[in-house]
Structure formats: C-alpha cells, structure tokens
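If you want the building blocks of each chain, they are given just below.
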Amino acid sequence: MHNEHQIIKAVLEAKKDTQKADDLIRTYIPFIRFEASKFLSRPCSEQDDEYSIAMIAFHEAILGYAKERGAFLSYAAMVIRSRLIDYRRKESRHQGHVSLYAQSEEDDRPLVDTIAQTSDRMEESINLEATQHEIQELSSVMETFGVSFSDAAENSPKQERTLEACRAAIHYAIENPRLLDQLLSSKKLPMAQLVSGSGADRKTLERHRKYILVMLLVQTNGYEIIRGHLRHVLKKKGGTPV
C-alpha cells in the first residue's frame, strides 16, 4: 500500500517539475520497455520507434494522471498501449501525407474536426479499462480473504443506527493506516481494535463482518476509482462518504 502511495506522490510532484518528471521516466525505463516489448511480442530496443513512443506516452500519463484514475502504473500501461496502437494504425495505412482537411472515411467531415471527438472516446476507453482493472484486481484480493462483492451487498447494514456503527469502525481504520496494513498482512479483520477505537458494539460489527472487510479492502492499494464511485453513491443517497 505504501509503495503505491509513494508512486502517486512522486507522480503528482513530477506533474509540476520537469526535472522530477525526467527522473521518474528514467526510474521507470524498465517498466516502459516491458510495456513496449509486450505490445511488440518481442524484446524492444532503444532503436525501435515503439520505445520512444512508449516513453512519450509515459510522460503523457504523468501529466494526465489524477488519483481518481486508480493505480498510476496501471493507468500508464494503458496510455502506452493506446499510443502504440495509434502508431501501428497510422503506419499500416500510411501511403503518403493525409490532409487534415480531407474528408474522413466515416462521414463528410474533415479529419481535423474528428480529432477532438476521437480523443474524447479514447479517454473514455482508458477510464473504462482502468475501472475494469481495479475491479478485477480488487476481486482477486477479496478472494484471498474469502469474500465477494455479493457478500458485501448481502451483509450490508439495513438500519441507519447499524450503518453508523459500521461507518465509525471503517473511519477509525482509515484514520489509522497501521490497521489496514495489519489487515493485509494477517488476512484477519482487527476486530478488537475496531471496537475499542470506534466505540461501536462488537456484536453489531461481527454481524456485518464481511461488509466491513470489503469496505476496508477498498481503502487499500490505491483503488481510487472505486472509492470515488462509493463516495458519489453515498452522497446521492444522503449518507456520509466512507
């Protein structure tokens, strides 16, 4: 969990400092080369155009990153792949210079008028892939704890008083990150600490153990997109964000 937080901190600093951005790119050259190699299905060398494109895409990911996009490296990998796909498509149909004012193949509009729309669609696609990746990653982690999304839904508190007790326990864990680390390392809910720290009734928390467990797992490992969605849903329902 701490490693992901350190990466996010470094990225946010690099967004404002060119030198720090350059340093971050150099640090992650093995990652960049790996993503380019994965795309090429062969080792990527510095002489390959894809290597340069991947580096530029990594810098683009730094500038475009926000916590709501989830884990940075997952986001960067998708940006790199997207730019490499763009490059391959352009190369495959490149038979000379194409005018930006020529009509596109799909409709009568000039290509220059479709660029922004294409960029928006690409952004939506990246965000969707990032969300799917987070859900898949969280599902895998939840499996190791023996819980699922359906368990959380079935075990969620129905009464406001019970919900508030669970929220108190969850907030206590969020404010004390060592409990989240303990949860990940021991694979056990630190129930005694949650009870003493939040003042919630132990029997109430025990009845909703699976719900609390899932809510705490969401607070680990940089699941920013999922957390953002939960905050949005809770606000619409008039509840206090988790």
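Residues numbered from 1 in each chain as written. Predicted model: local features only at pLDDT ≥ 70, side-chain atom pairs only at ≥ 80, totals over all residues. Heavy atoms only, no water.

The name recorded for the chain in an unreviewed UniProt entry is RNA polymerase sigma factor SigI, from Candidatus Caccovicinus merdipullorum. As stated in UniProt under Subcellular location (unreviewed entry), the record for the chain gives "Cytoplasm". Listed in UniProt under the heading Sequence similarities (unreviewed entry), the comment for the chain reads: "Belongs to the sigma-70 factor family. SigI subfamily." (UniProt positions renumbered as here; feature names shortened; annotations may be inferred.)

What am I meant to see in the UniProt feature "DNA-binding region" (unreviewed entry) in the chain here?
The feature "DNA-binding region" (unreviewed entry), as given by UniProt, occupies residues 191-210 in the numbering adopted here. In residues 191-210, the share of helix is 80% and the share of strand is 0%. The end C-alpha atoms are 12 Å apart. (Helix = DSSP H or I, 4+ residues; strand = E, 2+ residues; numbered from the N terminus.)

So what exactly am I meant to see when it comes to the packing of aromatic side chains here?
To describe a pair of aromatic rings, you give the distance between the ring centres and the angle between the ring planes. Within the structure shown, the criterion is met by 6 aromatic pairs. Taking the centre distance of 5.4 Å and the plane angle of 90 degrees together, the rings of Tyr65 and Phe72 count as edge-to-face. Residue Tyr65 shares its accessibility class with Phe72, and that shared class is buried. Put simply, the rings of Tyr28, Phe31, Phe58, Tyr65, Phe72 and Tyr75 pair up and form one aromatic cluster. (Phe/Tyr/Trp six-rings, centres within 6.5 Å; stacked < 30°, edge-to-face > 60°. Buried < 20%, exposed > 50% of the residue type's maximum accessible area, 1.4 Å probe, protein only.)

Help me understand the UniProt feature "short sequence motif: Polymerase core binding" (unreviewed entry) in the chain, please; the structure alone is not making it clear to me.
Sites flagged by UniProt as "short sequence motif: Polymerase core binding" (unreviewed entry) map to residues 49-62. Annotation note: span residues 49-62, helix share 100%, strand share 0%, distance between end C-alpha atoms 20 Å.

Please explain the environment of Gly228 as it appears in this structure.
Within the element layout of this structure, Gly228 appears in helix 13 (residues 224-236). Separated by 160 residues in the primary sequence, Gly228 and Glu68 have C-alpha atoms spaced 6.5 Å apart.

I'm lost on the packing of helix 3 (residues 29-40) against helix 4 (residues 49-64) in this one. Help?
Describing two packed helices takes the angle between their axes plus the distance from one axis to the other. One way to put it is that helix 3 packs onto helix 4 with a least axis distance of 9 Å and a crossing angle of 125 degrees. The pairing of helix 3 with helix 4 is recorded here as oblique in orientation. The handedness of the crossing between helix 3 and helix 4 is right-handed. Across from Ile29, Phe31, Ile32, Arg33, Ala36 and Leu40 in helix 3, the residues of helix 4 making contact are Glu50, Tyr51, Ala54, Met55 and Phe58. (Axes fitted to C-alpha atoms, helices over the stretch in contact; angles between N-to-C directions. Parallel < 35°, antiparallel > 145°, perpendicular 65-115°, else oblique. Left-handed = near helix turned anticlockwise from the far one by under 90°. Contact = heavy atoms within 4.5 Å.)

Would you take a moment to explain the nonpolar core for this structure?
The tendency in soluble globular proteins is for nonpolar side chains to be buried as a group. Leu189, Leu194, Leu205, Ile212, Leu216 and Leu217 are the most contacted members of the largest nonpolar core, which totals 32 residues. Counting residues per element, the ones that place at least two in this core are helix 6 (111-144), helix 8 (160-175), helix 9 (177-186), helix 10 (191-198) and helix 12 (209-218). In this structure, Leu217 is in contact with Leu138, Val141, Met142, Phe145, Leu183, Leu184 and Tyr223, ignoring residues within four places of it in sequence. Cys44, Ala57, Phe72 and Tyr87 belong to the second-largest nonpolar core, a separate cluster that totals 30 residues. (Core = buried A, V, L, I, M, F, W, Y, C linked by side-chain atoms within 4.5 Å.)

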